[in-house]
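Analysis of the macromolecular model
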Amino acid sequence: MHFVVCIKQVPATTSVQIDSKTGTLKREGVESIINPFDEYAIEEGIRLKERVGGKTTVISMGPPQAEQALREALSRGCDDAILLTDKAFAGADTWATSYTLSRGIKMLSEPADLIICGKQASDGDTAQVGPSLAEMLDIPHVAYVRKIVEVKPGYIKVERMLEDGIDILEMSLPALVTVVKEINTPRLPSLKTMLAAKKKQVHYWNKETINAEEDKIGLKGSPTQVMKIFYPPARSGGERITGADAKEIVNKLIQKLSSHGII
Amino acid sequence: MNKIEVIVNRCIGCGLCVKVCPYQAITLIDSPHTLESGRTVKQLAFIDLNKCTYCGACVEACKKYNAIFLQKEEAKIEIDFKDYKNIWVYAEQRRKEISPVVFELIAKAKDLSEKLSFKVCSVLLGNKIKDLANELIYYGSDVVYVVDDPALEEFLDEPYSEVFAWLIKEEKPQIILMGATNIGRSFASRVAAKIRTGLTADCTALDVDLQTHNLLQTRPAFGGNIMATILTPRHRPQMATVRHKVFKPLARDTSRQGEIIEKKFDFSKIKIRTKFLDFIKDTSTKVNLAEADIIVSGGRGLGGPEGFKLLEELADLLGGAVGASRAAVDAGWIPYSHQVGQTGRTVAPKVYIACGISGQIQHLVGMGSSEIIVAINKDPESPMMKIATYSIEGDLYEIVPELIKAVKEYKSKS
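The structure presented is a predicted model; accordingly, all values stated were derived computationally and were not measured. (Residues numbered from 1 in each chain as written. Chains lettered and ligands numbered in written order. Predicted model: local features only at pLDDT ≥ 70, side-chain atom pairs only at ≥ 80, totals over all residues.)

**Some words on unusual backbone geometry**
Peptide bonds are, in most cases, trans, and in most cases residues other than glycine have a negative phi. Heads up, the condition is: Counting from the N terminus, the helices are DSSP H or I runs at least four residues long and the strands are E runs at least two residues long. Residues with at least 20 neighbouring C-beta atoms inside 10 Å of their own are called buried, those with 12 or fewer are called exposed, and the rest are partly exposed, where every C-beta is derived from the backbone.
Look at the link from L173(A) to P174(A): it is a cis peptide, with omega at 0°. Topologically, P174(A) is positioned in the loop between β11 (165-172) and β12 (175-179). The amide bond that connects R236(B) to the next residue, P237(B), takes the cis arrangement and shows omega of -5°. Of note in this structure, D138(A) is not a glycine but carries a positive phi near 55°. Mapped onto the fold, D138(A) is located in the loop between α4 (129-136) and β9 (141-152). Given 11 C-beta atoms within 10 Å, D138(A) falls into the exposed group.

This is the structure:
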């Protein structure tokens, strides 16, 4: 079976600091990482290949430096890596991103059986690309998957995590899932896979390679447009509640909370 | 193509644009140049076109010097906007219970529709759910579209998105609002992809432009450290998912009148490749985290799973939900469904009580927009203590039991 994992390179939040004076993000020198949710997608792609056989391809849309994220995925054990990169892709919203990914996936020499995406990206937080991509590929999808119960050619059974519990669903393949953190614990690259990855090439595909329609890619192909970006005032520190003992402190807190009409 | 350029003889190399660029596309390079005024400066802003998304944040930051030129390529508008009327709210229901966010959205839709002289229409999909339509009217809908069909018994993305997209094409709404629930986000994405329109996720503020009828959709990114206002200028309808608790519902009023329109859809025509097998209720959550007004949350400082029993007691007393940091979940003290933060859920309750949570950035982005934050921690220097509305330095095992006692007393008095 062919498993295809979609990933995104994002700024590392761990190294993002908030400037206490301006309340804005300090963005200088921030390193890029694989979107945290995509780590679980990569791991699941590799585990499924190990479970039922086949290969795992990793694909990303982004600037040339996103090759780094794909290399990382290869070193974990993915077999093939494709970077959809073109200046014309810049400024894509979730619609245009999904379209571009769908074109890339349609160009794969071996058709995908299962596409795996992280639940959402840590920079945009939309959770929209996975489901939109499924629609554009005209395949079914289940979002928020916390477990792949069974997978075999033409069939998958999954558990979907919702606010009130878990749905158990089945789909015919090809299909797409977006996964949550609970699905697995990502591995570290092994020496063997790292060495194997060194010999592999990340394939660069541009708008011509994927035969993309000009008016559906990048900023121009994006239905949504950013009108303005602004920084909300930073949360300023509040009040330290002190007292002689726990009882006094708690009573003061209760007064505060009741003044807000909370209790 | 889109065009963005630094106008060299105006750029003083101040770096303001570098700071505001959300995509890290701008750097300062050593490039001595002469300004219009004749002054020579050493540094120049350089825009990496591979990273730039033409969002315009730098142009805004550079207003004083006006040294960045941006021209966005405009695509043509292909449809006649005048055909698109009314504001829709997707009336998400699960097991015949309407999600509370729906009533919040109806209230906001009413506010916006009055400015545009539109109607508020709710869309109710499901099986044997007709009788819920009146509730939607009592909360302010002018019209309720109902599709009642056995094929819609359980929420499945395929049949739901097919029927919704069909309804949109028939009725041509101007704006569609949906709750940013797990279902709403997945479902809305599929619909927007199908009908080729813009969808903005997780909005926290909405307004309309009276002339263009453009919906001004404001949403947080990077966990609320950046806010963006987003438009869908060339496509209709305009779709947005909206967070819980952002808007207040109207009071239920059974004297409100509205029209219920039942629609029939032929499900035999469409492909349904997903099948529902079973549902297992999460018994560890009494109150839905996303909908809770009060969240009592625990972290590494709890020291073990037993601490959550204490937090649960407090949450129950306050009618709230129990949350957790990643550290507590990873330690196996509480199920993942309780995790708040970057790899868990984003919440914005009225009160967030953080017990023994230091406040790593990944946690803060998931709860930083809570109205009031109470932090209880031994370490007064921890980030959570610094951003909290009310911070208490101390042992949570002393403070929380005392708090439980005090809340009980307070409640018995009032």
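**Overview of the packing of α4(A) against helix α6 (residues 182-195) of chain B**
Inclusion rule: All axes are obtained by fitting lines to C-alpha atoms, using only the stretch in contact for helices, and the reported angles, taken between N-to-C directions, cover 0 to 180 degrees. Angles below 35 degrees are treated as roughly parallel, those above 145 as roughly antiparallel, those between 65 and 115 as roughly perpendicular, and all remaining angles as oblique. Crossing handedness is defined as follows: a turn of the near helix away from the far one that is anticlockwise and smaller than a right angle gives a left-handed crossing, while the clockwise case is right-handed. Here, residue contact means that the backbone-derived C-beta atoms of the two residues sit within 7 Å. Each residue gets one of three labels, nonpolar for Ala, Val, Leu, Ile, Met, Phe, Trp, Tyr, Cys and Pro, charged for Asp, Glu, Lys and Arg, and polar for the others, Gly among them.
Viewed as axis vectors pointing N to C, α4(A) and α6(B) meet at an angle of 40°, and their least axial separation amounts to 8 Å. Put simply, α4(A) runs oblique to α6(B). Helix-helix and strand crossings are classified by hand; for α4(A) and α6(B) the assignment is right-handed. Residues P131(A), S132(A), A134(A), E135(A) and M136(A) of α4(A) form the contact with α6(B), whose participating residues are S186(B), S189(B), R190(B), A192(B), A193(B) and K194(B). Looking at the contact of α4(A) with α6(B) residue by residue, the class counts come to 5 nonpolar, 3 polar and 3 charged.

**Quick notes on the interface of chain A and chain B**
Applicable threshold: Two strands pair if DSSP finds at least two bridges between them.
Opposite the 82 residues of chain A that make contact, chain B presents 92 residues. In terms of residue count, helix α6 (residues 246-259) of chain A provides more of the side of chain A that touches chain B than any other element does, 9 residues in total. Residue composition of the side of chain A that touches chain B, grouped by class: 42 nonpolar, 19 polar and 21 charged. Sheet analysis places strand β15 (residues 239-240) of chain A next to strand β22 (residues 390-393) of chain B, joined by 2 bridges and oriented parallel. Considered in β22(B), the bridge of E239(A) is made with Y390(B).

**Regarding the domain arrangement of chain B**
Note the following rule: All domain edges in this entry derive from an automatic or database-based domain assignment.
Partitioning chain B into structural domains gives domain 1 (3-71), domain 2 (81-269) and domain 3 (289-413). The C-alpha-based centres of domain 1 of chain B and domain 3 of chain B are spaced at 43 Å.

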